[in-house]
Amino acid sequence: MRHISLAAALTAAAATAATVPLPAGAAPDTEVFVVSTQFWDGPSPVVAATGPFAGCTSVQELDGAQAIQTGPNSVLFVGTKELDCADGTVTIAYEATINTRSGRKTFGTWSVVDSTLDGVAFGGGRLTGDAARCELLPGAEGCILDTFTGSVGG
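None of these values were measured; they are calculated from a predicted model.

Caption draft 1: Main features of the pairing of strand 3 (residues 56–69). The pairing of strand 2 (residues 44–49) with strand 3 spans two bridges and is antiparallel. Pairing of Ser44 across the sheet is with Val59, part of strand 3. Counting the residues in the hairpin turn of strand 2 and strand 3 gives six residues, including Gly51, whose phi is positive at 55°. Hairpin connection from strand 3 to strand 4 (residues 74–85): four residues lie between these consecutive antiparallel strands.

So this is what it looks like as structure tokens:
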């Protein structure tokens with residue numbers, strides 16, 4: 001499998017569906033938080049959040065995302081992100097797939113792997129990204145608007 005740059009693959013763009021396991025009793029498609037993921041070395045802004053994530057302001061990629069070419073036109077992104085919130089932090093694991101011939105969207109899943117934020121001990125859901133809807137900030141090489149849906153608890 002060939003590794004490619006995250007910016008190159010996301011700029012090329014997206015669309016393959018993933019099976020999404022939700023926690024027991026989770027309401028599907030409940031918006032949890034939205035991030036304007038910027039391709040740069042630094043945190044990206046949280047642009048919308050609900051529930052326990054309402055006080056979250058930024059997201060930082062931990063250890064860099066891996067971009068793994070899984071087919072001639074598909075790339076799998078795997079990584080962890082840390083949300084910085086007013087009352088704690090939340091670390092999530094994610095994986096998302098892009099089909100570079102189909103558009104500018106990614107589809108995948110996410111789950112909570114560690115948290116100091118009240119009300120967020122477990123959870124996860126769907127992750128969708130749309131490179132056509134993000135606002136490119138000065139200094140970034142690209143961006144994608146990532147929407148995390150699902151549920152959390154604890």
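Caption draft 2: Molecular detail of the environment of Lys105. You can see Lys105 is positioned in strand 6 (residues 105–115). Judged by relative accessible area, which is 40%, Lys105 ranks as partly exposed. In this structure the C-alpha to C-alpha distance between Lys105 and Ile144, which are 39 residues apart in sequence, comes to 8.5 Å.

Caption draft 3: Here's a closer look at the state of the cysteines. On inspection of all chains with the given rule, the structure shows two disulfides. The disulfide that involves Cys56 links it to Cys85, with 2.0 Å between the sulfurs. Taking the sign of the S-S torsion, 80° for the link of Cys56 and Cys85, the bridge is right-handed. Placement of Cys56 in strand 3 and of Cys85 in strand 4 is noted, with a sequence separation of 29 residues between them. Here Cys56 matches Cys85 in class, with each residue buried. The disulfide partner of Cys134 is Cys143, and the S-S distance across this bridge is 1.9 Å. Of note, the bridge from Cys134 to Cys143 carries an S-S torsion of about 75° and is right-handed in sense. The residues Cys134 and Cys143 share a single accessibility class, namely buried.

Caption draft 4: Quick peek at the environment of Cys56. When its relative accessible area of 6% is taken as the criterion, Cys56 is described as buried. Between the C-alpha atom of Cys56 and that of Pro45, which follows or precedes it by 11 residues, the distance is 9.0 Å. Each residue touching Cys56, except ones within four places of it in the same chain, is listed here: Val46, Leu83, Asp84, Cys85 and Leu117.

Caption draft 5: Structural context of the side chain of Asp146. Mapped onto the elements, Asp146 comes out in strand 8 (residues 143–153). For the buried Asp146, no salt bridge is present, and the opposite-charge side chain at shortest range is Lys81, 4.6 Å distant. Ignoring anything within four residues of it in the chain, the contact list for Asp146 reads Phe33, Val34, Val35, Thr37, Thr106, Leu127, Thr128 and Gly129.

Caption draft 6: Structural context of the pairing of strand 6. As paired strands, strand 5 (residues 88–99) and strand 6 are joined by nine bridges and run antiparallel to one another. Each residue of the ladder has a partner; that of Thr91, found in strand 6, is Asp114. Where strand 5 folds back on strand 6, the antiparallel hairpin that results is connected by five residues, among which Gly103 adopts a positive phi of roughly 150°. Connecting strand 6 to the antiparallel partner strand 7 (residues 122–130) that follows it, the hairpin turn spans six residues, and Gly119 within it adopts a positive phi of roughly 85°.

Caption draft 7: Region of the structure containing the pattern of salt bridges. In total, this model carries one salt bridge according to the counting rule given. Note that Lys81 is salt-bridged to Glu61, the shortest N-O span being 3.0 Å. With a gap of 20 residues between them, Lys81 in strand 4 and Glu61 in strand 3 connect regions that are remote in the sequence. Accessibility expressed as a relative area gives 22% for Glu61, which makes it partly exposed.

Definitions and cut-offs
- Residues numbered from 1 in each chain as written.
- Predicted model: local features only at pLDDT ≥ 70, side-chain atom pairs only at ≥ 80, totals over all residues.
- Heavy atoms only, no water.
- Pairing = 2+ DSSP bridges.
- Helix = DSSP H or I, 4+ residues; strand = E, 2+ residues; numbered from the N terminus.
- Buried < 20%, exposed > 50% of the residue type's maximum accessible area, 1.4 Å probe, protein only.
- Disulfide = S-S within 2.5 Å.
- Contact = heavy atoms within 4.5 Å.
- Lys, Arg positive; Asp, Glu negative; His and termini not counted.
- Salt bridge = Lys/Arg side-chain N within 4 Å of Asp/Glu carboxyl O.

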